[in-house]
Amino acid sequence: GENVEQHPSTLSVQEGDSAVIKCTYSDSASNYFPWYKQELGKRPQLIIDIRSNVGEKKDQRIAVTLNKTAKHFSLHITETQPEDSAVYFCAASRGLDKQGGKLIFGQGTELSVKP
Amino acid sequence: EADIYQTPRYLVIGTGKKITLECSQTMGHDKMYWYQQDPGMELHLIHYSYGVNSTEKGDLSSESTVSRIRTEHFPLTLESARPSHTSQYLCASSVDGDTIYFGEGSWLTVV
């Protein structure tokens, strides 16, 4: 079945530095790749997403890149701030095809931003 | 306000008890999901539904069952709770199967 691998499992950076989290997926039919942020004790919330017809997408300090050939995608956070500290999950989905509508999540990355 | 509501938020029950976790959404979404998550760990899909009278098992085997009699309601039931069922259960919904929105979660502890 579909599998999403996420690395690293933990990441510690100094405030102001950049953070990069990487994911690989196994199902070549996947075409939608969201990233969720989960703060301690809170529900996961969507922060950015990308579809397979786009190679890169940016939203202020966060960006996501997609390499369909290699089947991997990455989250980039620049100028990190302490409030970026959270667990980040990548996910992949086939989208709207017959078997679509199921998000498969990576294992999560715990990001700590030290002041 | 359109949202996903889960009750109870926190529950401690004894082994062998039957429990139903309620999930209701006011977003008008057809697709609904249940994920199981230990604190800060991976999100495991245990059940999903594409609409009324549609239910499917997810990728993680679960002894729980679900029903979907109304679009807005997707309850999860454990007939006989065990300590291994202790976890957080997150309900979610989606209009298109891509972006999903999570409820605040139900924390279940079985003693």
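Whatever comes next refers back to the structure up there.
Residues numbered from 1 in each chain as written. Chains lettered and ligands numbered in written order. Predicted model: local features only at pLDDT ≥ 70, side-chain atom pairs only at ≥ 80, totals over all residues. Heavy atoms only, no water.

A. Region of interest: the pattern of salt bridges. Residues and elements named next belong to chain B. Under the definition given, this model contains ten salt bridges over all chains. Residues Glu 104 and Arg 9 are paired through a salt bridge, measuring 3.7 Å at the closest nitrogen-oxygen approach. Highlighted residues: Glu 104 in the loop between β10 (101–102) and β11 (106–110) and Arg 9 in the loop between β1 (4–7) and β2 (10–13), separated in sequence by 95 residues. Classification of Arg 9 as partly exposed rests on a relative accessible area of 26%. (Salt bridge = Lys/Arg side-chain N within 4 Å of Asp/Glu carboxyl O. Helix = DSSP H or I, 4+ residues; strand = E, 2+ residues; numbered from the N terminus. Buried < 20%, exposed > 50% of the residue type's maximum accessible area, 1.4 Å probe, protein only.)

B. The arrangement of the nonpolar core in detail. The biggest cluster of nonpolar side chains holds 24 residues, and the ones touching the most others in it are Trp 35, Phe 73 and Leu 111 of chain A. With residues up to four places along the chain from it excluded, the contact list for Leu 111 of chain A reads Leu 11, Val 13, Ala 19, Ile 77, Asp 84, Ser 85, Ala 86 and Tyr 88 of chain A. By size, the runner-up hydrophobic cluster in this structure holds 18 residues, among which are Leu 11, Ile 13, Leu 76 and Tyr 89 of chain B. (Core = buried A, V, L, I, M, F, W, Y, C linked by side-chain atoms within 4.5 Å. Contact = heavy atoms within 4.5 Å.)

C. View of the environment of Ser 67 of chain B. All names here are of chain B. Its location among the elements puts Ser 67 in the loop between β7 (65–66) and β8 (76–78). On a C-alpha basis, the gap between Ser 67 and Leu 11 in space is 21 Å, while along the polypeptide they are 56 residues apart. With sequence-adjacent residues up to four places away left out, Ser 67 is seen in contact with Thr 55, His 73, Phe 74 and Pro 75.

D. Structural view of the sheet that holds β7 of chain B. Spatial strand order, β1-β3-β8-β7 (chain B): four strands in an open sheet with antiparallel pairing. Each edge of the sheet is formed by a strand with only one pairing partner; in this case those strands are β1 and β7 of chain B. (Pairing = 2+ DSSP bridges.)

E. Quick look at the pairing of strand β3 (residues 19–25) of chain A. All names here are of chain A. Side chains of β3 alternate between two faces, with Ala 19, Ile 21, Cys 23 and Tyr 25 buried and Val 20, Lys 22 and Thr 24 left unburied. With four bridges connecting them, strand β1 (residues 4–7) and β3 associate as antiparallel partners. Residue pairing for β3: Glu 5 is matched across the bridge by Thr 24. Where β3 lies against strand β8 (residues 72–77), six bridges are found, and the strand directions are antiparallel. Bridged to Thr 24 within β8 is His 72.

F. Broad picture of the sheet that holds strand β6 (residues 56–59) of chain A. Residues and elements named next belong to chain A. As summarised here, the arrangement of the five strands in space is β1-β3-β8-β7-β6, forming an open sheet in which the pairing is antiparallel. Taken across any chain shown, the strands that pair with only one partner, and hence form the sheet edges, are β1 and β6. With direction set aside, neighbouring strand axes in the sheet form an average angle of 15°. (Axes fitted to C-alpha atoms, helices over the stretch in contact; angles between N-to-C directions.)

G. Highlighting the environment of Leu 75 of chain A. Residues and elements named next belong to chain A. In this fold, Leu 75 is placed in strand β8. Judged by relative accessible area, Leu 75 falls into the buried class, the value being 0%. Residues Leu 75 and Cys 23 lie 52 residues apart in sequence; the distance between their C-alpha atoms is 8.5 Å. Apart from residues no more than four positions distant in its own chain, Leu 75 is found in contact with Ala 19, Val 20, Ile 21, Trp 35, Ile 47, Ile 48, Ala 63 and Tyr 88.

Just geometry here; none of it tells us what the structure is for.
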